[in-house]
Amino acid sequence: MGGGARRLLLLLGLCSWTAALRGNENSESLPESIPSAPGTLPHFLEEPDDSYIIKSNPIVLRCRAVPAMQIFFKCNGEWVHQNEHVSHESLDEATGLKVREVSINVTRQQVEDFHGPEDYWCQCVAWSHLGTSKSRKASVRIAYLRKNFEQDPQGKEVPIEGMIVLHCRPPEGVPAAEVEWLKNEEPIDSNLDENIDTRADHNLIIRQARLSDSGNYTCMAANIVAKRRSLSATVVVYVNGGWSSWTEWSSCNARCGRGWQKRSRTCTNPAPLNGGAFCEGMSVQKITCTSLCPVDGSWEVWSEWSVCSPECEHLRVRECAAPAPRNGGKHCEGLSQESENCTEGLCIQDVERGGDIALYSGLAAAVLAVAVLALGVTLYRRSQSEYGVDVIDSSALTGGFQTFNFKTVRQGNSLLLNSSLQPDLTVSRTYSGPICLQDPLDKELMTESSLFNPLADIKVKVQSSFMVSLGVTERAEYQGKAHPGTFPHGNHRAFGTIQARNKAMYIQNLASISTSSELRTTALFGHLGGRLVVPNTGVSLLIPHGAIPEESSWEIYLAITQKESSLEPEGPEVLLGPEVSCGPPELSVSTPFALTIPHCAHADPQHWNIHLKRRTQQGKWEEVMSVEEETTSCYCLLDPYACHILLNSFGTYALIGEPISDCAVRQLKVAVFGCLSCNSLDYNLRVYCMDNTPCAFQEVVSDERLQGGQLLEEPKLLHFKGNTCSLQISVLDVPPFLWRIKPFTACQEVPFSRVWRGSPRPLLGAFSLERFSPATTQLCCKVCVRQLQGHEQLLHIQTSVLETDRENITFFAHEDSNFPAQLGPKAFKIPHSIRQRICATFDAPSAKGKDWQMLAQKNSINRNLSFFATQSSPSAVILDLWEARHQHDGDLDSLACALEEIGRTHSKVSDVAEPELEEPEFPSSRNGL
């Protein structure tokens, strides 16, 4: 009866307590206990943990107890309303007791609205039959991290093996920030280097400084909210110079009498580095010395003649002892012994002469053999002089041309680098390369060229299966003539041949680059078409034959915007080349023209998304197409250094690149210029990192001409990645005895954005070096340009600071420097009549499909074929694209090989080989389109 009453009272009390909790949301107190009953107190399986609110995200507090009839949260001394609790009840299979789990949400607003002497806190209270239990208090705080460091690390100059201590006090934050150190943007792991300690109150300690410890150090603070970077501290570990051991004393400089001798030592043990002090004291010591004078020897008088010997001779001798030579004096000249017949010829001897007879017989036989050999060589040379070149036909070659075998007898060839070296008269030399045959109906098939002028007796026989298959069956024989385009070229040549009447190789130095304020060229074009080129910029325009109607002509221009481009790339986009304008805009053409624009991207579709944009009449820019896009409005073909675009309308165009990954590479050209400053003892070095396009380099050279600058080293290519790492430029190995550079200026860092976006003024580093003496005229040092976590280039500078002694660094231009405009047939590599036959052959469909598609495929055009399908003559447009890509090499051999592979021609052809002159190699390009 008593136990049942207790249970009834417990249930009644619990019901009344629950009703009171539901009826009053603002109740400030709940009973700390309920009527007890047999059982156990609640035991917490999970208690609420301390938590942090990040930004505006609420946190969840949980607790779980067994056995528990009810669990409620109390926060900051107040009960949390029942509606805010999320409860779940389960049964513990092992004990059979009820397990209750309760959770609540705590928001940022609740924590901010609380104002008390301590942090916002919550705890659980659980009830069972026996009584109540309370969990631990869990604090709830708002997480944050201030922006500014309380103490940034400071740069230091430390001697080698000295201690380095860099202090860092991170920004205030909740929870407290953890600190990590970076050296040159790379994390420092003190576990891998016992010399480094990063555990002492966030400070970085290097116990013994090494040269490799020089660099830029950054303190990185982070907690669950954010990361913060301190200012970088530059640490320079310098080395004070130390003397080496003295050398041995030199010999006395006076050969006779009083003189001096010296010994020396160098400041190389160690040599001063990174601004360390130079050695104190003298590097050379001298002392006086006395050398004994040399005495030349002299002969004594001859001795008496000896007794006559059985050989009828007597002797006499003398010695070099009056005086004898000493102290390096000369020895006596002449014989120390002589003999003569002592019987005045009356003595007769019988001597065997068999050995002499054998000797003389051998000599006579050798002379006879030499005479026969000389006669044979003379007859052979006389027979060889009757012809200059032996032409040996080859058979079984189907690559477009065959091989000539030249045996040259000419000496003093002007094409040899050293004409004093005589060629081998008997060696046969072979060259296999393209022969540029011109159309016999439009122009001379072969014209005079300076290439074959030194070899006037060469006979060349040429017949191409490619020409035969197209109906050109003339077989021509020429003596001493060849077309200017017959000299072989590669895709990246150093020299170029000048077409038409220009026979000399054009070599251009810095002084010849144009300084005009506008890069623009114009010409009057008609129905025959032609080519426009902006010299030394890589920008060109090809107007195909027939693009302009007959009996009409237009003045067409091609220009490059030299001022800052009006195109503002959006987001991560960057400008990859010059802004090019062609016109007039109102001119309409019947077939697409080809516009070539150089670019500086390392074209990889996995890392770049390249677009072509055009400026409208309102001055806004609109996208024309993506390079990888399929469209019939225009066509883009991306080469490693240029983009060839087929267009139907004139206007202003530009190439834009959007990097897809951090591996996207922008190709930069690094060049170093130098000149004397107003102070004659100072010499200025200027380092440029410009886009790897000819026009960008021309602008830099033009600016340097105005400043009196001189190119000190051939420019080098730097692959600059889009990984947000900055660029470092440093001057190394400056001669410490002759030059000095201001401390802490030998290394300069350029932000990533300035390099990646491309600055209108590409000067990135300027250094001033001071001579110790005006007598110093030579400068030898190194300039290192590197991207952190990227590519590095080292330029070796060795120059004279005097303009009269300085050697100019030359570079070579293409033939377009002399011919910015080429009109009519001269502008095209493929003769017009042969071009017509190619189009007629490949535009017609065959059983295997469209032949022009096979032509495109063999010439590496595998994308956006729908553009060519919409043209009246797809083959003609493919050939126009070939002309645009091969404007410098005229590689007809690759085109002939493509035709042979398709199987449209089967006859054998003659390869043309030229004598292997001692010139730089010009490999024949076989890359096709």
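Anything mentioned here points back to the structure above.
Residues numbered from 1 in each chain as written. Predicted model: local features only at pLDDT ≥ 70, side-chain atom pairs only at ≥ 80, totals over all residues. Heavy atoms only, no water.

1. Comments concerning the sheet that holds strand β18 (residues 204–206)
Paired through backbone hydrogen bonds, the strands of a sheet run either parallel or antiparallel to each other. Operational definition: At least two bridges found by DSSP between two strands are what make those strands a pair. Secondary structure is summarised from DSSP: a helix means a run of H or I of at least four residues, a strand means a run of E of at least two, and numbering begins at the N terminus for each.
Across the sheet, which stays open at both edges, the 3 strands sit in the order β13-β18-β17 with antiparallel pairing between neighbours. This sheet does not close on itself; its edge strands, each paired only once, are β13 (164–166) and β17 (196–197). Here 2 bridges tie β17 to β18, and the two strands are oriented antiparallel to one another. Opposite Ile-196, over in β18, you have Ile-206 as the bridge partner.

2. Details of a nonpolar patch on the surface
What counts here: Patches draw on residues past 30% relative accessible area with no salt bridge. Two like charges within 9 Å are joined, as are two nonpolar side chains (Val, Leu, Ile, Met, Phe, Trp, Tyr) within 5 Å. Per-residue and other accessible areas follow the Shrake-Rupley method at a 1.4 Å probe size, with only the shown protein chains counted as cover for residues. One speaks of a salt bridge when a side-chain nitrogen belonging to Lys or Arg is within 4 Å of a carboxyl oxygen belonging to Asp or Glu.
Taken together, the side chains of Ile-160, Leu-211 and Leu-273 make up a nonpolar region of the molecular surface, amounting to roughly 230 Å² of accessible area. Secondary-structure assignment places Leu-211 in the loop between β18 and β19 (215–222).

3. Some details on a negative patch on the surface
Inclusion rule: All tallies of charge rest on Lys and Arg as positive and Asp and Glu as negative; His and the ends of each chain are not included. A single reference atom marks each charge: NZ on Lys, CZ on Arg, CG on Asp, CD on Glu.
Among the surface-exposed residues, Glu-623, Glu-628, Glu-629 and Glu-630 lie close enough to one another that they form a single negatively charged patch. Locating Glu-628 in the fold gives a position in the loop between β39 (621–626) and β40 (635–638).

4. Some points on the packing of aromatic side chains
Any pair of aromatic rings gets described here by the distance separating the centres and the angle formed by the planes. Stated precisely, the cut-off is as follows: Pairing of aromatic rings covers Phe, Tyr and the six-membered ring of Trp, with a centre-to-centre limit of 6.5 Å; geometry is then stacked below 30 degrees between planes, edge-to-face above 60, and tilted otherwise. Throughout this description, buried means an accessible area under 20% of the type-specific maximum (1.4 Å probe, protein chains only), exposed means over 50%, and partly exposed covers the range between. Charge-over-ring contacts are defined here by two conditions on Lys NZ or Arg CZ: a distance within 6 Å of the ring centre and an angle within 35 degrees of the ring normal.
Applying the stated criterion across every chain yields a total of 15 aromatic pairs. Their ring planes at 10° and their centres at 4.3 Å tell us that Phe-593 and Phe-650 sit as a pair that is stacked. Taken together, the residues Phe-593 in strand β37 (residues 588–598) and Phe-650 in the loop between β41 (642–649) and β42 (651–659) connect sequence positions 57 residues apart. A residue is classified by how much of its surface remains accessible, and Phe-593, at 0% relative accessible area, is buried. The ring centre of Trp-260 lies 4.4 Å from the NZ or CZ of Lys-286, which sits over that ring. Above the ring of Trp-299, the side-chain terminus of Arg-318 is found at 4.3 Å from the ring centroid.

5. Remarks on the state of the cysteines
Where we set the bar: Counting rule for disulfides: a pair of cysteine sulfur atoms within 2.5 Å.
For the structure shown, the criterion picks out 8 disulfides. Covalent S-S linkage joins Cys-168 and Cys-219, the inter-sulfur distance amounting to 2.0 Å. Taking the torsion about the sulfur-sulfur bond, which here is approximately -75°, the covalent link between Cys-168 and Cys-219 counts as left-handed. Highlighted residues: Cys-168 in the loop between β13 and β14 (173–174) and Cys-219 in strand β19, separated in sequence by 51 residues. Here Cys-320 pairs with Cys-332 through a disulfide, and the sulfurs are 1.7 Å apart. Residues Cys-320 and Cys-332 are joined through a disulfide that is right-handed, its torsion about the S-S bond being 75°. Of this pair, Cys-320 sits in the loop between β24 (313–317) and β25 (337–341) while Cys-332 is found in the loop between β24 and β25, placing the two residues 12 residues apart along the sequence. Judged on exposure class, the residue Cys-320 and its partner Cys-332 are both buried. We note that Cys-600 lacks a disulfide partner, and the nearest cysteine sulfur, in Cys-695, lies 9.5 Å from it. On the accessibility criterion, Cys-600 (0% relative accessible area) is buried. As a non-bridged cysteine, Cys-747 has Cys-784 as the owner of its nearest cysteine sulfur, 8.5 Å distant.

6. Details of unusual backbone geometry
With glycine set apart, most residues show a phi of negative sign, and most peptide bonds adopt trans. Cis geometry marks the peptide bond from Ala-322 to Pro-323, where omega comes out at -5°. Looking at the secondary structure, you find Pro-323 in the loop between β24 and β25. Gly-583 connects to Pro-584 through a cis peptide bond whose omega is 20°. The residue Thr-724 is not glycine, and still its phi comes out positive at about 65°. Relative to the helices and strands, Thr-724 is located in the loop between β46 (716–721) and β47 (727–732).

7. Side note on the side chain of Arg-100
Defined as follows: Pairs of N or O atoms within 3.5 Å make up the polar contacts considered here, provided that, within protein, one atom can donate a hydrogen while the other can accept it, and that residues adjacent in sequence are counted only when both atoms are side-chain atoms.
Secondary-structure assignment places Arg-100 in strand β7 (residues 98–106). Among the polar contacts made by the side chain of Arg-100, one reaches the main-chain carbonyl oxygen of Met-69 at a distance of 3.1 Å.

8. Re the pairing of β40
Taken together, the 4 bridges between β40 and β41 define a ladder with antiparallel strand orientation. Bridge pairing in β41 links Leu-637 to His-644. Taking the residues that link successive antiparallel strands as the turn, the β40-β41 hairpin has 3 residues.

9. Notes on the pattern of salt bridges
Summed over the entire model, instances satisfying the criterion amount to 21 salt bridges. We note a salt bridge from Glu-46 to Arg-64, for which the minimum N-O separation is 3.9 Å. Note that Glu-46 is positioned in strand β1 (residues 43–46) and Arg-64 in strand β3 (residues 59–66), a separation of 18 residues in sequence. Relative accessible area serves as the criterion here: at 29%, Glu-46 is assigned to the partly exposed category. Looking at Arg-64, the relative accessible area reads 28%, which means it is partly exposed. Of the charged contacts, one joins Arg-210 and Asp-193 as a salt bridge, the two residues approaching to 2.8 Å between their closest N and O atoms. Highlighted residues: Arg-210 in the loop between β18 and β19 and Asp-193 in the loop between β16 (186–187) and β17, separated in sequence by 17 residues. Overall, Arg-210 belongs to the partly exposed group, its relative accessible area being 30%. Here the salt bridges do not stand alone but share partners, grouping Asp-193, Arg-210 and Asp-213 into one network.

10. Considering the environment of Gly-824
In plain terms, the rule: Contacts were defined at the residue level, with two residues in contact if any of their heavy atoms lie within 4.5 Å.
Within the fold, Gly-824 resides in the loop between β54 (821–823) and α7 (832–843). The sequence separation of Gly-824 and Arg-531 amounts to 293 residues, and the corresponding C-alpha distance is 8.5 Å. Those residues in contact with Gly-824 that sit more than four places away from it in its chain are Leu-528, Gly-529 and Gly-530.

11. Quick word on the sheet that holds strand β33 (residues 539–543)
So the rule is basically this: As a rule, the C-alpha atoms of each element are fitted with a line to give its axis, helices using only the stretch in contact, and angles between N-to-C directions run from 0 to 180 degrees.
Spatially, the 6 strands line up as an open sheet ordered β40-β41-β37-β33-β32-β54, and their pairing is antiparallel. Both outer strands of the open sheet, β40 and β54, are each paired with one neighbouring strand and no more. Adjacent strand axes in the sheet meet at a mean angle of 15°, parallel and antiparallel pairs treated alike. For strand β32 (residues 530–534) and β54, the ladder comprises 3 bridges, and the chain directions are antiparallel. Note that in β54 the partner of Gly-530 across the bridge is Leu-823. The strands that helix α10 (residues 874–885) touches are β32, β33, β37, β40 and β41; relative to β41, the one it contacts most, it runs at about 140°.

12. Brief notes about α7
Note the cut-off: Take the residue count of a helix, subtract one, and multiply by 1.5 Å to get its expected span.
Across its 12 residues, α7 extends 16 Å between first and last C-alpha, which sits within 8% of the 16 Å expected from 1.5 Å per residue. The complete set of buried residues in α7 reads Ser-833, Ile-834, Arg-835, Ile-838, Cys-839 and Phe-842.

13. Quick notes on the side chain of Gln-123
Along the polypeptide, Gln-123 turns up in strand β8 (residues 120–127). Judged by relative accessible area, which is 9%, Gln-123 ranks as buried. Here Ser-135 takes part through its backbone oxygen, which lies 2.9 Å from a polar atom of the side chain of Gln-123. In contact with Gln-123, not counting residues within four places along its chain, are Phe-72, Phe-73, Lys-74, Lys-134, Ser-135, Arg-136 and Lys-137.

14. Looking at the packing of helix α8 (residues 851–858) against α10
Applied cut-off: Roughly parallel covers angles under 35 degrees, roughly antiparallel covers those over 145, roughly perpendicular covers 65 to 115, and oblique covers all other angles. If you view the pair so one helix is near and one far, a crossing is left-handed when the near helix is turned anticlockwise from the far one by less than a right angle, and right-handed when it is turned clockwise. As a working rule, the residues Ala, Val, Leu, Ile, Met, Phe, Trp, Tyr, Cys and Pro are called nonpolar, Asp, Glu, Lys and Arg charged, and the rest polar, with Gly in that last group.
Two elements in contact, α8 and α10, have axes separated by 9 Å at closest approach and are oriented at 15°. The angle between α8 and α10 places the two elements in the roughly parallel class. The two elements α8 and α10 cross, and the hand of that crossing is left-handed. Between α8 and α10, the contacting residues are Trp-852, Leu-855 and Ala-856 on the first element and Pro-874, Ser-875 and Ile-878 on the second. Across the contact of α8 with α10, the residue classes tally to 5 nonpolar, 1 polar and no charged.

15. A short note on helix α11 (residues 892–902)
Judged by how many residues are buried, α11 sits mostly within the fold: 10 of 11 residues are covered. Regarding α11, the residues found buried are Leu-892, Asp-893, Ser-894, Leu-895, Ala-896, Cys-897, Ala-898, Leu-899, Glu-900 and Ile-902.

16. Some thoughts on the environment of Glu-319
Relative to the helices and strands, Glu-319 is located in the loop between β24 and β25. It is 8.4 Å that separates the C-alpha atoms of Glu-319 and Ser-298, two residues lying 21 residues apart in sequence. Setting aside residues no more than four positions away along its own chain, Glu-319 makes contact with Ser-298, Trp-299 and Glu-300.

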